[in-house]
Amino acid sequence: MNTRQEKMEAFGRLLDIMDDLREKCPWDQKQTFETLRHLTLEETYELSDALLNEDLQEIKKELGDVLLHLVFYAKIGSEKESFDIADVINSLNEKLIFRHPHIYGDTVAEDEEMVKQNWEKLKLKEGNKSVLSGVTKGTPSLIKAYRIQDKVKGIGFEFDSADEAWEKVREELQEFHQESDKNKKEIELGDVFFSLVNYARISGLNADTALEKTNAKFISRFQKMEEIAINKNLVLADLDLIEMDKLWEEAKLFEK
């Protein structure tokens, strides 16, 4: 691994390269906060895929891409004479110190839950009007549900056990099945999803990670099914559901 000095030199070189790109590259010169935004989201999702696959080399690569965007935003901020990368880092440093009084102060936090509770209380002291202020509107729904639940847990708004959370799932499922109005049924379905995310979280599982792994598994299995069909000179669209299901079961045999 690199020394602290080598790490600082590498970061300094990145800043120098960013200066060069912003000054000399036609594409980089044209970028703004707005034009970079969707690219940043794309890079973040690519990092997410690498993390789920536990591909260390790909994680390293995608972390670099995300870091480039962070430095790019800070460079634009400096051009607007609003903030630079040092301001960004110093602000983060101060926030981390303030929110970890059990490390930098005399507050006691014996476990992870106490740390989380202190974190949410300190955020309110910083000026947040609600425990849920930090939940952004643009966060994907499944992740947002998890974040909402995790945040309110920080002030004690939580089921005592996973069993109680599962009872809530059953209650919401019953309400969903009993509702006939389409619009109301959609709302009830949302309640089912929300309660399932809550049950998973309390059980130590991440619903978004679980669903993404299932998505990947389905894609892999379906593409294998398409491959089997081609090898058998079959056209999937011409098969009935029973015939496709046989191919599906065959595709499952190829999974590790």
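This write-up is about the structure you can find in this document. From a predicted model like this one, the values you see are computed outputs, not experimental measurements.

1. A look at the overall build of the protein
Step number 1: The helix and strand tally for the protein stands at twelve helices and zero strands.
Step number 2: Helices and strands appear in the protein in the N-to-C order α-α-α-α-α-α-α-α-α-α-α-α.
Step number 3: Here the protein, with 256 residues, has 22% of them falling under the buried criterion.
Step number 4: Looking at the protein alone, contacts between residues at least 24 apart form 51% of all its contacts between residues at least 6 apart.
Step number 5: Carbon together with sulfur atoms contributes 55% to the accessible area of the protein, which is approximately 18,500 Å² in total.

2. Examining a nonpolar patch on the surface
Step number 1: A cluster of nonpolar residues, W166, L189, F193 and L196, forms a patch on the protein surface that exposes about 350 Å² of accessible area.
Step number 2: At three residues, helix α10 (residues 182-202) tops the list of elements feeding residues into the nonpolar patch.
Step number 3: Along the chain, L196 turns up in helix α10.

3. Overview of the environment of M244
Step number 1: Among the structural elements, M244 can be located in helix α12 (residues 241-252).
Step number 2: Look past the residues within four positions of M244 in its chain and what remains in contact with it is M225, L236 and L239.

4. Concerning α12
Step number 1: The terminal C-alpha atoms of α12, which comprises twelve residues, lie 16 Å apart, in line with the 16 Å expected from a rise of 1.5 Å per residue.
Step number 2: When we look at burial in α12, the residues that qualify are L247, W248 and A251. Mapping the buried residues of α12 onto a view down its axis gives an arc of 105 degrees, with all of them on the same face. Away from its buried face, by an angle of more than 90 degrees, α12 presents the exposed residues I242 and K246.
Step number 3: In this structure, the buried residues of α12 make contact with α11 (207-231).

5. Examining the side chain of R22
Step number 1: By the secondary structure assignment, R22 is in helix α1 (residues 4-24).
Step number 2: For R22, a relative accessible area of 13% corresponds to the buried category.
Step number 3: Engagement of the side chain of R22 in a polar contact is seen with the side chain of E79, the distance being 2.9 Å.
Step number 4: Not counting residues up to four positions away in its chain, the partners in contact with R22 are D28, Q29, K30, Q31, F72, K75, I76 and E79.

6. Things to note about the packing of aromatic side chains
The relative placement of two aromatic rings is captured by the distance of their centres and the angle of their planes.
Step number 1: Counted under the stated rule, the structure contains four aromatic pairs.
Step number 2: A centroid spacing of 4.9 Å and a plane angle of 55 degrees characterise the contact between W166 and Y199, whose relative ring orientation is tilted. Taken together, the positions of W166 in helix α9 (residues 162-178) and Y199 in helix α10 put the pair 33 residues apart, joining distant regions of the chain.
Step number 3: An angle of 45 degrees between the planes, with centres 5.1 Å apart, marks the rings of F218 and W248 as tilted. Of this pair, F218 sits in helix α11 while W248 is found in helix α12, placing the two residues 30 residues apart along the sequence.
Step number 4: Residue F218 is classed as partly exposed on the basis of its relative accessible area, which comes to 46%.
Step number 5: When the ring centre of F254 is taken as origin, the NZ or CZ atom of K224, which lies over that ring, is 4.2 Å away.

7. Structural notes on the pattern of salt bridges
Step number 1: Summed over all chains, the structure comprises 13 salt bridges.
Step number 2: In this structure, K61 engages E62 in a salt bridge whose closest nitrogen and oxygen atoms are separated by 3.2 Å.
Step number 3: Judged by relative accessible area, E62 falls into the buried class, the value being 2%.
Step number 4: Its salt-bridge partner being E167, residue R170 comes within 3.4 Å of it at the nearest N-O pair. On the criterion of helical spacing, the pair formed by R170 and E167 is a turn pair, its members being three residues apart in helix α9.
Step number 5: Look at the salt bridges and you will find they share partners, linking K61, E62 and D65 into a network.

8. Digging into the nonpolar core
Step number 1: Counting eight residues, the largest nonpolar core consists of M225, I228, A229, L236, L239, L247, W248 and A251.
Step number 2: Looking at this core, the elements with two or more residues in it are α11 and α12.
Step number 3: When sequence neighbours within four positions are dropped, the list of residues in contact with L239 reads L234, M244 and L247.
Step number 4: One finds L36, V71, F72 and Y73 within the second-largest nonpolar core, a separate group that totals six residues.

9. Details of the packing of α1 against helix α4 (residues 56-79)
Step number 1: Closest axis-to-axis distance for the α1/α4 pair is 10 Å, and the angle between their directions is 60 degrees. It follows from the interaxial angle that α1 and α4 lie oblique. Pair α1 / α4 crosses with right-handed handedness. Packed against α1, whose contacting residues are F11, L14, L15, M18, D19 and R22, the element α4 presents L67, L68, V71, F72, K75, I76 and E79 at the interface.
Step number 2: Residues that form the contact of α1 with α4 fall into these classes: nine nonpolar, no polar and four charged.

Conventions adopted
For every chain, the first residue of the written sequence is number 1, and numbering continues from 1 onward in sequence order. For a predicted model such as this one, the threshold for reporting local features is a pLDDT of at least 70, and the threshold for listing and counting side-chain atom pairs is 80 or more; totals across whole chains, interfaces and linings nevertheless cover every residue. Hydrogens are left out, water is left out, and the side-chain values use all remaining heavy atoms of the structure. By the criteria applied, helices consist of DSSP H or I runs no shorter than four residues and strands consist of E runs no shorter than two, each listed in order from the N terminus. We call a residue buried when its accessible area falls under 20% of the maximum for its residue type, exposed when it is over 50%, and partly exposed in between, using a 1.4 Å probe and counting protein chains only. Residues count as neighbours in contact if any of their non-hydrogen atoms are within 4.5 Å of one another. All accessible areas in this document rest on Shrake-Rupley with a 1.4 Å probe, and a residue is counted as covered only by the protein chains that are shown. Patch membership requires over 30% relative accessible area and the absence of a salt bridge. Like charges are linked within 9 Å, and nonpolar side chains (Val, Leu, Ile, Met, Phe, Trp, Tyr) within 5 Å. In what follows, salt bridge is the name for a side-chain nitrogen of Lys or Arg lying within 4 Å of a carboxyl oxygen of Asp or Glu. To estimate the expected span of a helix, count its residues, drop one, and scale the result by 1.5 Å. The arc refers to the directions leading from the helix axis to the C-beta atoms. Here a polar contact is recorded for every N or O atom pair within 3.5 Å, except that within protein the pair must consist of a potential hydrogen donor and a potential acceptor, and residues adjacent in sequence are included only if both atoms are side-chain atoms. Between the rings of Phe, Tyr and Trp (Trp by its six-membered ring), a pair exists once the centres lie within 6.5 Å; its type follows the angle of the planes, with under 30 degrees stacked, over 60 edge-to-face, and the other angles tilted. By the criterion adopted, a ring carries a charge over it if an Arg CZ or a Lys NZ lies within 6 Å of its centre and within 35 degrees of its normal. The definition of a nonpolar core used throughout is a set of buried Ala, Val, Leu, Ile, Met, Phe, Trp, Tyr and Cys residues joined through side-chain atoms within 4.5 Å. Lines fitted to C-alpha atoms define the axes, with helix axes restricted to the stretch in contact, and inter-axis angles between N-to-C directions lie between 0 and 180 degrees. The scheme is simple: roughly parallel for angles under 35 degrees, roughly antiparallel for over 145, roughly perpendicular for 65 to 115, oblique for anything else. By definition, turning the near helix anticlockwise from the far helix through less than a right angle yields a left-handed crossing, and turning it clockwise yields a right-handed one. Ten residues, namely Ala, Val, Leu, Ile, Met, Phe, Trp, Tyr, Cys and Pro, are considered nonpolar, four, namely Asp, Glu, Lys and Arg, are considered charged, and the remaining ones, Gly among them, are considered polar.

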